[in-house]
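Examining the three-dimensional arrangement
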Amino acid sequence: MHALANPNRFLKLADAIQPWAVGICILCFAIGLPYGLVFSPADYQQGDTVRIMYIHVPSAWMGLFCYGVMATGSAAYLIWRHPVANMAARASAPVGAMFTALCLLTGMLWGQPMWGTPWVWDARLTSMLVLFFLYLGYMVLGDAFEHREQGDKAAAILALVGSVNLPIIKFSVDWWNTLHQPSIFSMEGVSVDTAMLAPLFLMVGAFQSYYVVVVLMRIRAQVLQAKVRSARLLQAAE
Amino acid sequence: MKQFWALIRRDLRLSFRQRADSLMVAGFFAVTVILFPFGVGPEPGVLERIGAGVLWVTALLAALLSLEHVFADDAQDGALDLLLSSPLPDSVIVAAKIVSHWLTTGVPLIILAPILGVTLQMPSSSIGPVMLALALGTPTLSLIGAIGAALTLSARRRGVLLPLIVLPLYIPVLIFGVGAIDAAVMGFDNSRLYAVLAGFLLISGALCPWAAAAALRAARL
Amino acid sequence: MGGYAVFVWPSYVLALVGLLGILMVSRRSLAQLQNDLDRLRPRREETTSGGNDADAQAEGEHP
């Protein structure tokens, strides 16, 4: 891992990985989308609305996964000053926020036919909503400083504080939910038919490989940004 | 240890000279709580039902109001740098500032809450639980908020950024704080809920000064 | 789709919008930065991931 701390060396690795990631992404979407939309069975209880699950569940997973990358990268950055780890964290934030938003919106689209109301303070959706705000805070804080390094450090600390808080928030929201809601509204009860597992995994694979493609792109952009900044400084000094 | 208390005394003396800050927070708390009956109507059932929630949310916002000043005032005149370069560990200094913050903003809220509870038509049986829940919860609010204050110390648009960062972190305290009061009012045993609040306080007490100190160091580089 | 099409299709469209949106934004900023860099430093035999040793040293410390 420390061998990858050098951004240029990391970018060489990224160059090698990128085409594979793109290929896997396209493949997964090409098979997963028609499978999910058309060829997989409708649910016994929920009918065709279950097809929303093929977007909703992978987004939820990616929302959490990206935050995990953010927290791990932030820790590596704070402890070892690993520059690429920080870049990976910053790069993952908008992607994670997008997936979390997608999870919330598809949750609403799923909720309307399922429960008759678009928003329900279901424990999972509520935790996802809080997660979205944690992403927002991280992104805004990171960009709120004059020197980028200040923003990097502050955002990294926030990411770690948030990750300590996340299980506490989940625990609190779970308890709060049992207090206020009959369990009918829980999404926990969705049982997944084996015929539905394949498109589900394909979509997760598609989203994951998409993540790799985009994050590598964004890391590359951050490296370029640093080069541009130093080139500008050099120019100003002349 | 002596220096810890000396720091607190110093901060208290400073805030006493600027009494306005403390009064402002208490005033905001009172005015905002009183808005709710105008907003939702004075029917006894409604107010009573939301009373604990209103008190808590307003307490959160009031704590947020004063958080900006925990470090900013000292940072502005250079006193913070001086303090941090002293041999006293950073986390102890931060802890002292958090204690002073709580004494000047949390404690007035605890004292005011029962009176305001009356305006929300909360039953008299709720006074004890309200004060105890706030007593356990407001220090946690100061602790968690201090991290936000430290992180945003040299950030642009600190005023809007601070709530965005801190409020999601406040949600567990809010949930259990309200839960403890509601459970007591409805006659259920709420000792476990107080235990959870106390747990939050202990964990934050252990971790937050250290995290806030790290944030202060990060901001200075 | 059993009358649920109005919920299912928007979900997939939203996913498309989100995924393509982030992808396009990322590509655009990458292209713009490469542009800026090319204007500031005429490209030698530098590729996007290459760079001489001085570059490598600098990047290692200041991301």
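Nothing here was measured: the structure is a model prediction, and the numbers come from that model.

Rules behind the numbers
Residues numbered from 1 in each chain as written. Chains lettered and ligands numbered in written order. Predicted model: local features only at pLDDT ≥ 70, side-chain atom pairs only at ≥ 80, totals over all residues. Helix = DSSP H or I, 4+ residues; strand = E, 2+ residues; numbered from the N terminus. Rg over C-alpha atoms; globule rule 2.2 N^0.38 Å. Buried ≥ 20, exposed ≤ 12 C-beta atoms within 10 Å, placed from the backbone. Contact = placed C-beta atoms within 7 Å. Nonpolar A, V, L, I, M, F, W, Y, C, P; charged D, E, K, R; others polar. Expected span 1.5 Å × (residues − 1). Core = buried A, V, L, I, M, F, W, Y, C linked by C-beta atoms within 7 Å. Axes fitted to C-alpha atoms, helices over the stretch in contact; angles between N-to-C directions. Parallel < 35°, antiparallel > 145°, perpendicular 65-115°, else oblique. Left-handed = near helix turned anticlockwise from the far one by under 90°.

Description of the overall build of chain B
- Counting its regular elements, chain B contains nine helices and zero strands.
- When the helices and strands of chain B are read in sequence order from the N terminus, they spell out α-α-α-α-α-α-α-α-α.
- Computed over the C-alpha atoms, the radius of gyration of chain B is 18 Å, within 12% of the 17 Å expected from 2.2 N^0.38 for a compact globule of 221 residues.
- Taken along its principal axes, the extent of the C-alpha atoms in chain B is 55 × 35 × 30 Å.
- A total of 221 residues make up chain B; the buried ones form 47% of that total.
- Here the analysis covers contacts within chain B between residues at least 6 apart in sequence; of these, 79% occur between residues at least 24 apart.

Here we look at the interface of chain A and chain B
- Contacts between the two partners involve 22 residues from chain A, matched on the other side by 22 residues from chain B.
- Mapped by element, the contributors of at least two residues to the side of chain A that touches chain B are helix H4 (123–142) and helix H5 (148–180) of chain A.
- Of all the elements, H5(A) adds the most residues to the side of chain A that touches chain B, at 13 residues.
- Its residues placed into classes, the side of chain A that touches chain B shows 16 nonpolar, four polar and two charged.

A look at the interface of chain A and chain C
- Between chain A and chain C, the residue contacts involve 45 residues of the former and 34 residues of the latter.
- Elements with a contribution of two residues or more to the side of chain A that touches chain C: helix H1 (7–39), helix H3 (83–115) and helix H6 (194–237) of chain A.
- With 17 residues, H6(A) is the single largest residue contributor to the side of chain A that touches chain C.
- Considering only residue class, the side of chain A that touches chain C consists of 26 nonpolar, eleven polar and eight charged.

Topic: H4(A)
- Helix length check: H4(A) (20 residues) gives 29 Å between terminal C-alpha atoms against 28 Å at 1.5 Å per residue, within 8%.
- Most of H4(A) is tucked away, with 15 of its 20 residues classed as buried.

As for the nonpolar core
- Ala150(B) and Ala215(B) are the most contacted members of the largest nonpolar core, which totals 159 residues.
- Broken down by element, the residue count for this core peaks at 18 residues, all from H3(A).
- When sequence neighbours within four positions are dropped, the list of residues in contact with Ala215(B) reads Ala154(A), Ile157(A), Ile147(B), Ala150(B) and Leu151(B).

Considering the arrangement of the chains
- In this assembly, two pairs of chains are in contact, and the pair contributing the most contacts is chains A and C.
- Where chain B comes nearest to chain C, the C-alpha atoms are still 13 Å apart, and the two do not contact one another.

A look at the packing of helix H2 (residues 19–40) of chain B against helix H6 (residues 90–119) of chain B
Residues and elements named next belong to chain B.
- Closest axis-to-axis distance for the H2/H6 pair is 9 Å, and the angle between their directions is 25°. When the axes of H2 and H6 are compared, the pair comes out roughly parallel. Seen along the crossing, H2 lies across H6 with a hand that is right-handed. On H6, the residues that touch Ser-22, Val-25, Ala-26, Phe-29, Ala-30, Val-33, Ile-34 and Pro-37 of H2 are Thr-104, Thr-105, Pro-108, Leu-109, Leu-112, Leu-116 and Thr-119.

Remarks on the environment of Tyr211(A)
Residue and element names in this part refer to chain A.
- Its location among the elements puts Tyr-211 in helix H6.
- Taking C-alpha positions, Tyr-211 is 8.7 Å from Cys-66, a pair spaced 145 residues apart along the chain.
- Filtering out sequence-adjacent residues up to four positions away, Tyr-211 remains in contact with Met-62 and Val-95.

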